[in-house]
Amino acid sequence: MIKVLVIDDDFMVAKVHAGFVNSEPGFTVVGVAHSASDALKAAAALSPDLILLDIHLPDMNGLDLLQRLREGQPELDVLVISAAREMETVRRALRGGIVHYLMKPFSREDLRERLEHYAKTYQPLGQATDQELQQADVNRLFGLAGQQRRPLPKGCSAETMELVQNIVKEAAEPISATETAEKLGTSRVSARRYLEYLAEENLAQVNLRYGGVGRPERRYSWRT
């Protein structure tokens, strides 16, 4: 059983997060803390495997707390859950060695995906200290394996999808379905089906261009 400590200054939010974790097989919440000082005491007393850490705490920045926690328990894993969206905050958290950064608000399914990833990768690696790893093991740790796309929409082909991907990747600026259709030699409706699929799979980003009367134009750019 993976022991989890939830750290969040909001009592209700912490309760909801704890409920999410306890509903996930293989995980159990061993404690909840609402301040950095309480978190340090709880971590020392409960020896959790994983901490769900909020950035905004009343007595200390969560990233400073992360360093303090690691001083006492170097093997402790931390998953940041926060409304903080500043690039420097995320960059500092990544440099601190977190296992993931989940932005509020999020769904139960969002947290479940992160917990399942942790259970399949970080936790086994921490237990098998003498085991030699294969490249596939390392790939899973960095999220480079096991990611399966949904089946293509009915009537769409893998060959055309590859062409659409290349068109979006090579576009100097966000491209529309009409422009994509011209390059493909197909209809705008067909091109948009491919583009929307890429957007839904988080491979392409949708940019709205506002102009005259009517809906804004949807334009697509490749996520780097």
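Just above sits the structure.
Procedures and definitions
- Residues numbered from 1 in each chain as written.
- Predicted model: local features only at pLDDT ≥ 70, side-chain atom pairs only at ≥ 80, totals over all residues.
- Heavy atoms only, no water.
- Core = buried A, V, L, I, M, F, W, Y, C linked by side-chain atoms within 4.5 Å.
- Buried < 20%, exposed > 50% of the residue type's maximum accessible area, 1.4 Å probe, protein only.
- Helix = DSSP H or I, 4+ residues; strand = E, 2+ residues; numbered from the N terminus.
- Contact = heavy atoms within 4.5 Å.
- Pairing = 2+ DSSP bridges.
- Axes fitted to C-alpha atoms, helices over the stretch in contact; angles between N-to-C directions.
- Right-handed = clockwise from strand over helix to strand, strands pointing away.
- Salt bridge = Lys/Arg side-chain N within 4 Å of Asp/Glu carboxyl O.
- Polar contact = N/O pair within 3.5 Å; in protein donor to acceptor, adjacent residues only side chain to side chain.
- Arc of directions from axis to C-beta.

Engineer: Looking at this structure, I do not really get the nonpolar core. What am I missing?
Structural biologist: Of all hydrophobic cores here, the largest spans 23 residues; its most connected members are Ile-7, Ile-51, Leu-53, Leu-65 and Tyr-101. Among the elements of the structure, β1 (2-7), α2 (36-46), β3 (50-53), α3 (62-72), β4 (77-82) and α4 (87-95) are those that each provide at least two residues to this core. Not counting the four nearest positions on each side in its chain, Ile-51 is found in contact with Leu-5, Ile-7, Leu-69, Leu-76, Asp-77, Val-78 and Leu-79. Grouped together as the second largest cluster of nonpolar side chains are 19 residues, Leu-79, Phe-106, Leu-115 and Tyr-118 included.

Engineer: Any chance you could explain the sheet that holds β3 here in plain terms?
Structural biologist: Strand pairing in a sheet takes place through backbone hydrogen bonds and is either antiparallel or parallel in direction. Strands sit in the order β2-β1-β3-β4-β5 across an open sheet of five strands; the sheet is parallel. Across the chains shown, the open sheet's two edge strands, defined by having one partner strand only, are β2 (27-33) and β5 (100-103). For this sheet, the mean inter-axis angle between neighbouring strands, taken without regard to orientation, is 20°. Strands β1, β2, β3, β4 and β5 of the sheet are contacted by helix α5 (residues 108-120), whose axis makes an angle of about 175° with β5.

Engineer: What should I look at first to understand the pairing of β3 in this one?
Structural biologist: Regular strands place side chains that alternate from one sheet face to the opposite one. Side chains Leu-50 and Leu-52 of β3 all project onto a buried face; the interleaved residues Ile-51 and Leu-53 project onto the opposite face, where all are buried too. Of the strand pairs in this sheet, β1 and β3 are connected by four bridges, and their pairing is parallel. Bridge pairing links Val-6 to Leu-52 in β3. By the bridge criterion, four bridges tie β3 to β4 in an arrangement that is parallel. By the bridge assignment for β4, Leu-52 is matched with Leu-79. In terms of handedness, the path from β3 via α3 over to β4 forms a crossover that is right-handed.

Engineer: I tried to follow the pattern of salt bridges on my own but got confused; where do I start?
Structural biologist: Pairing is possible between side chains that carry opposite charge, provided their charged atoms lie close to one another. Considering all chains together, one arrives at eleven salt bridges under this definition. Notably, a salt bridge pairs Arg-92 with Asp-64, separated by 2.4 Å at the nearest N-O pair. In this pair, Arg-92 is assigned in helix α4 and Asp-64 in helix α3, connecting sequence segments 28 residues apart. On the basis of relative accessibility, which here comes to 31%, the residue Asp-64 falls in the partly exposed class. Close ionic contact of Glu-196 with Arg-192 constitutes a salt bridge, the shortest N to O distance being 3.8 Å. Taken together, the positions of Glu-196 and Arg-192, both in helix α10 (residues 188-200) and four residues apart, correspond to about one turn of that helix. Judged by relative accessible area, Arg-192 falls into the partly exposed class, the value being 29%. Three or more residues joined by partner-sharing salt bridges are found here, namely Asp-8, Asp-54 and Lys-104.

Engineer: Just checking my understanding: could you explain the side chain of Lys-104 for this structure?
Structural biologist: Mapped onto the elements, Lys-104 comes out in the loop between β5 and α5. Polar contacts involving the side chain of Lys-104 include one to the side chain of Asp-8, which spans 2.7 Å. If sequence neighbours within four positions are ignored, Lys-104 has contacts with Asp-8, Val-13, His-17, Asp-54, Ile-81, Ser-82, Ala-83 and Arg-85.

Engineer: Is there a simple way to explain the sheet that holds strand β6 (residues 175-176) in this structure?
Structural biologist: Pairing in this open sheet of three strands is antiparallel, and the strands run β6-β8-β7 from one edge to the other. Looking at strand neighbours, the two that pair on one side only are β6 and β7 (204-209), the edges of this open sheet. The sheet contact formed by β6 and strand β8 (residues 217-222) spans two bridges and is antiparallel. The residue of β8 that forms the bridge with Ser-176 is Arg-219. Against the sheet, helix α8 (residues 158-170) makes contact with β6 and β8, and its axis sits at roughly 90° relative to β8, the strand it touches most.

Engineer: Where do I start with α2 in this structure?
Structural biologist: Structurally, the α-helix is built with 3.6 residues per turn, so residues lying three or four positions apart point the same way. Of the residues making up α2, those classed as buried are Ala-36, Ala-39, Ala-42 and Ala-43. Considered in projection along α2, the buried side chains sweep an arc of 120° and stay on one side of the axis. α2 presents Lys-41, Ala-44 and Ala-45 as exposed residues on the side facing more than 90 degrees away from its buried surface. Residues of α2 that are buried in the fold lie against β1, β2 and α3. Following α2 by one or two positions, Ser-47 adopts a phi angle in the positive range, close to 45°.

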